[in-house]
Amino acid sequence: MTLVSFPRFAAALLFALIATSASAEVIFDSGVLAFAASSTQAGRLSRNGISSDWANAKAFPGTVGGAGIGYQLFTVDSGIYEFLQISFDDTAARLFVSAYDGAYSGPVATGYLGDPGASQPFGNSSFFQIVVQRHTPVAFVINEINAGFGVGAPFQLFVEGFFDTEYNDITTEPDPGGGGSGTGNVPEPTSLALMGAGLVCFARYRRTGTRGPRA
Amino acid sequence: MRPRPVLCAATGGVCLLLLIAIGADISSRRHLDDPIAPSAFAQMRAILAAKHARAVAGLPEEARPIARVNRPASSNHPHSAVIGSLLAALATLNPERALMAAGALTSQGDISHSTNIARSTYGVDGTGVRVGVLSDSVESLASLLASGDLPADTTIVEDIIDGPGSSEGTAMMEIIHDLAPGTQLFFASSVNSPESFAANIRTLRNVYHCDVIVDGTSWSTESPFSYGVIAQAVDAVVADGAVYVSAAGNSGSLTRNNASTWQGDFAAAGTDPLLPGYTLHSFGGQSFNRLLVSTAAIELFWSDPPEASTNDYDLFVLNSAGTSVVSASTNIQNGTQRPFEEVFRASGFPVNSRVVIAATAGAAPRALALQAFFGEALQLKTAGRIGGHAGIPAAVTVAPVFWNSARKGTKPFVGGAFNPTEVFSSDGPRRLFYAPDGSPLTPGNLLFATNGGQVVQKPDFAAADGITARTTGYSPYYGANAGAAHIAGIAALMKAAKPSLTPAEIRAAMASAALDIMAPGNDRDGGIGIVMAPAAIAKALQ
């Protein structure tokens, strides 16, 4: 190992540590829960195989099924993030997750934002992305595939927030005037300190890197 | 029968429709409600009628079973203005914008492999590096150029001739552009013919001077035991200095009990009145294997010299009771033919069909490789599904790992039990009996039992799949091709950091920077492990 390469490696390690702690902001984690319907709805979203993503607004996929389909509701504040990525585990493939703008009371077409298009591809967590307004409530609906089919089925809902579509959360809020006093998550002081350390290290590297020869 | 290309990755579009059309059991793969759009079926059937060989040409070894349904154009996205203004704001705030990932959508693999960190830490984005991509087609190219998900200087060397394809080429290029946005990208189709595939590999290197080449296609005629034209081309461009990355495939593994291959030495099991004149092969206790899942094509290879087989084996599919022949491949091998037989039925052979390997009189025992297209297809199975050009030492062969397999969200991979390979990933190792020029590696010793040939540890590495791409039908993008594209992107960053790196040095640096997964050490499912970009570049710079 040369004298030049060592600081680079050290910088890489430091950045890796930072990335581990700050590459995404988890704004909601349900933990593993057993499905327990809080209410019922008529029909549910059709799983049409199309996953919502940040570049493409997904059209409402239509409904299937009859009455009495149970759902469980989680409302999450988007905080300072406009780009949300939702992961959903449902190992029994009896449930389905979708997102709605604001409140949700049962009509599946009202306020629809997106869904993963399928349940549990290849046993992995299903996931999808939506773009929302900052500091607004987003309703996540967990519904059973068929009436009574999901009772007790374990699931976990996981929501991450990002500043942009490149998964960055190590920058400042793009629009400082846009708020920040809401209930959403903001970087904790520890995270900010790490960010600062990383930026200093990065700046140091950049200067060194442009002057010194590569090993 | 014409050989057929197999898009290794889980693909959408036409490839998927073909899979559905032949009756493959996809219900266990992904839970959907909507039927396939009639128009899409009509398109698929037209393709089937026009080119029956290509009916399976697009067959993915593992497909993400969704229909190809057009979505609104990105320009109609209600938030496109918001995204644009946000990115513009970020560009103002961050003068290092050029080192950030590009495009309106970024692969989660950029975080999983810490290539975002690598770009910042080492000040590299792939500038000066040329990457060639071989896949089926690039139908989504125009929209991706417009959205910035692909660079304006992307060069199409040769597109699919008898399209349409699934545009997986653009999906693979998206990943590379996300990880190494400074690279210049070149595309050539790999599904026009094996000879065209091989020629395009050489063209990408010799004419377009690609430093890194990646593909996601295998052809049904590619032997697991010897070099064909594609493998020879891969070997040649690597010898010339290019890094060649190939997908391991999505045909299952012994570890997951869904392997679609059986490999071993011929052993006589007696005769069958239904097949007079033949000596049946014993799979160990029975003279047949069984299909556990309906499959369209079954291939048999044996360890005779390429294009010079003198031992005549044949392949039969019988009904479940073994009382009638459903299909047979009985080409004569008498000295100038390839050691290969294949049966094919577009609608798929029924579940529980018997698969029989039979030797004609005088055929000497050889190592055998029986393989079907899809995982979980065979009752009796072994490891070693990775073959063809992906199985040669020169190729960097990649298995897929779901980006969120640790269930921690968008975080760097950590390895170990948190990041296993996908359940559908193909396994190694590979045993080669012949050198690239066709000469035997162990003359006179052509059997597994006597340790003939050379064992090649495959796959080499593992990388992210299940990521979000903007190419229509590839969100999410599952399969080994997605993993291969991530490794190609990392290789491009390494090459940019130190242009003098040889393919061997890049492979060694990747190995030193890999997170061990699956079985401890270099194993048949995940290879050496998941490559992490910062450590790989650090090692390369030492």
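What counts and what doesn't
- Residues numbered from 1 in each chain as written.
- Chains lettered and ligands numbered in written order.
- Predicted model: local features only at pLDDT ≥ 70, side-chain atom pairs only at ≥ 80, totals over all residues.
- Heavy atoms only, no water.
- Helix = DSSP H or I, 4+ residues; strand = E, 2+ residues; numbered from the N terminus.
- Buried < 20%, exposed > 50% of the residue type's maximum accessible area, 1.4 Å probe, protein only.
- Contact = heavy atoms within 4.5 Å.
- Areas by Shrake-Rupley, 256 points an atom, 1.4 Å probe, with all protein chains shown as cover.
- Arc of directions from axis to C-beta.
- Pairing = 2+ DSSP bridges.
- Axes fitted to C-alpha atoms, helices over the stretch in contact; angles between N-to-C directions.
- Phe/Tyr/Trp six-rings, centres within 6.5 Å; stacked < 30°, edge-to-face > 60°.
- Core = buried A, V, L, I, M, F, W, Y, C linked by side-chain atoms within 4.5 Å.
- pLDDT = per-residue confidence, 0-100.

1. Remarks on the overall build of chain A
Per the secondary structure count, chain A includes 2 helices and 12 strands. Traced from its N-terminal end to its C-terminal end, chain A shows the element sequence α-β-β-β-β-β-β-β-β-β-β-β-β-α. Taking all 215 residues of chain A together, the buried fraction comes to 53%. Look at the contacts in chain A between residues 6 or more apart in sequence, and 83% of them connect residues 24 or more apart.

2. Examining the overall build of chain B
Looking only at helices and strands, chain B features 13 helices and 22 strands. Of the roughly 16100 Å² of accessible surface on chain B, a fraction of 55% belongs to carbon and sulfur atoms.

3. A word on helix 12 (residues 503-512) of chain B
Those residues of helix 12 of chain B lying buried are Pro 503, Ile 506, Ala 509 and Met 510 of chain B. Along helix 12 of chain B, the residues classed as buried sweep out an arc of 130 degrees about the axis, all on the same side.

4. Quick word on the sheet that holds strand 11 (residues 295-302) of chain B
All names here are of chain B. Across the sheet, which stays open at both edges, the 4 strands sit in the order 8-16-11-14 with antiparallel pairing between neighbours. Each edge of the open sheet carries a strand with a single partner, namely strand 8 (261-265) and strand 14 (340-349). Going across the sheet, the axis of each strand differs from the next one's by a mean of 10 degrees, ignoring polarity.

5. Some remarks on the packing of aromatic side chains
Residue and element names in this part refer to chain B. Under the criterion given, the structure shown has 28 aromatic pairs over all chains. Measuring from ring centre to ring centre gives 5.0 Å for Trp 262 and Phe 283, while their planes differ by 75 degrees; the resulting arrangement is edge-to-face. Of the two residues, Trp 262 sits in strand 8 while Phe 283 sits in the loop between strand 9 (279-280) and strand 10 (289-290), which places them 21 residues apart along the sequence. No difference in accessibility class separates Trp 262 from Phe 283, as the two residues are buried. With centroids separated by 5.1 Å and ring planes inclined at 80 degrees, the aromatic side chains of Tyr 278 and Phe 316 adopt a geometry described as edge-to-face.

6. So, unusual backbone geometry
Residue and element names in this part refer to chain B. In this structure, Pro 164 follows Gly 163 across a cis peptide bond, with omega equal to 0 degrees. Among the secondary structure elements, Pro 164 is positioned in the loop between strand 3 (155-158) and helix 8 (168-179). That bond from Ser 475 to Pro 476 is cis: its omega, 5 degrees, falls within 30 degrees of zero. The topology assignment puts Pro 476 in the loop between strand 20 (461-465) and helix 11 (480-497). Not every positive phi belongs to a glycine, and His 209 is a case in point at roughly 55 degrees. Positionally, His 209 belongs in the loop between helix 9 (194-206) and strand 5 (212-215). Even without glycine at this site, Arg 407 takes up a positive phi of about 60 degrees. Examined against the element boundaries, Arg 407 turns out to sit in the loop between strand 17 (396-402) and strand 18 (430-432).

7. Comments concerning the nonpolar core
Residues and elements named next belong to chain B. In this structure, Val 245, Ile 487, Met 494, Met 510 and Ile 537 are the most contacted members of the largest nonpolar core, which totals 70 residues. In terms of residues, this core owes the most to one element, helix 11, which gives 13 residues. Counting 24 residues, the second-largest nonpolar core is a separate cluster that includes Phe 186, Ala 188, Val 234 and Val 238.

8. Side note on the confidence of the model for chain B
Residues and elements named next belong to chain B. The predicted model of chain B has a mean per-residue pLDDT of 85, with 81% of residues at 70 or higher. Contacts of residues 35-102 to residues separated by more than four positions or lying in other chains number 170 contacts, the stretch itself having pLDDT below 50. We note a pTM of 0.82 for the whole complex and an ipTM of 0.81 for its interfaces.

9. Focus on the pairing of strand 12 (residues 154-162) of chain A
All names here are of chain A. Judged by how many residues are buried, strand 12 sits mostly within the fold: 7 of 9 residues are covered. Relative to strand 12, strand 1 (residues 25-29) is paired through 4 bridges, and the arrangement is antiparallel. Residue pairing for strand 12: Asp 29 is matched across the bridge by Phe 158. Relative to strand 12, strand 2 (residues 33-34) runs antiparallel, the two being bridged by 2 bridges. Following the sheet pairing, Leu 33 is matched in strand 12 by Phe 155. Where strand 7 (residues 83-89) and strand 12 come together, 7 bridges link them in antiparallel fashion. Counterpart to Ile 86 in the pairing with strand 12 is Val 159.

10. Let's talk about the sheet that holds strand 11 (residues 137-144) of chain A
Residue and element names in this part refer to chain A. Across the sheet, 5 strands lie side by side as 3-6-11-8-9; this open sheet has antiparallel pairing. With one partner strand each, in any of the chains shown, strand 3 (39-41) and strand 9 (112-114) form the two edges of the open sheet. Going from strand to strand, the sheet's axes swing by 45 degrees on average, the running direction of each strand aside. Sheet topology note: the strand 8 (residues 95-101)/strand 11 ladder contains 7 bridges and is antiparallel. Counted as the bridge partner of Val 97 is Ile 142 from strand 11.

11. Topic: helix 6 (residues 115-122) of chain B
The buried fraction of helix 6 of chain B is high, at 7 of 8 residues. Just past helix 6 of chain B, the residue Gly 123 of chain B takes up positive phi, approximately 65 degrees.

12. Let's talk about the environment of Asp 427 of chain B
Residues and elements named next belong to chain B. Along the polypeptide, Asp 427 turns up in the loop between strand 17 and strand 18. Residue Asp 427 is classed as buried on the basis of its relative accessible area of 0%. Spatially, the C-alpha atom of Asp 427 lies 28 Å from that of Asp 312, the residues being 115 residues apart in sequence. Setting aside residues no more than four positions away along its own chain, Asp 427 makes contact with Gly 252, Ser 253, Leu 254, Ala 383, Gly 384, Arg 385, Ile 386, Lys 458, Arg 524 and Asp 525.

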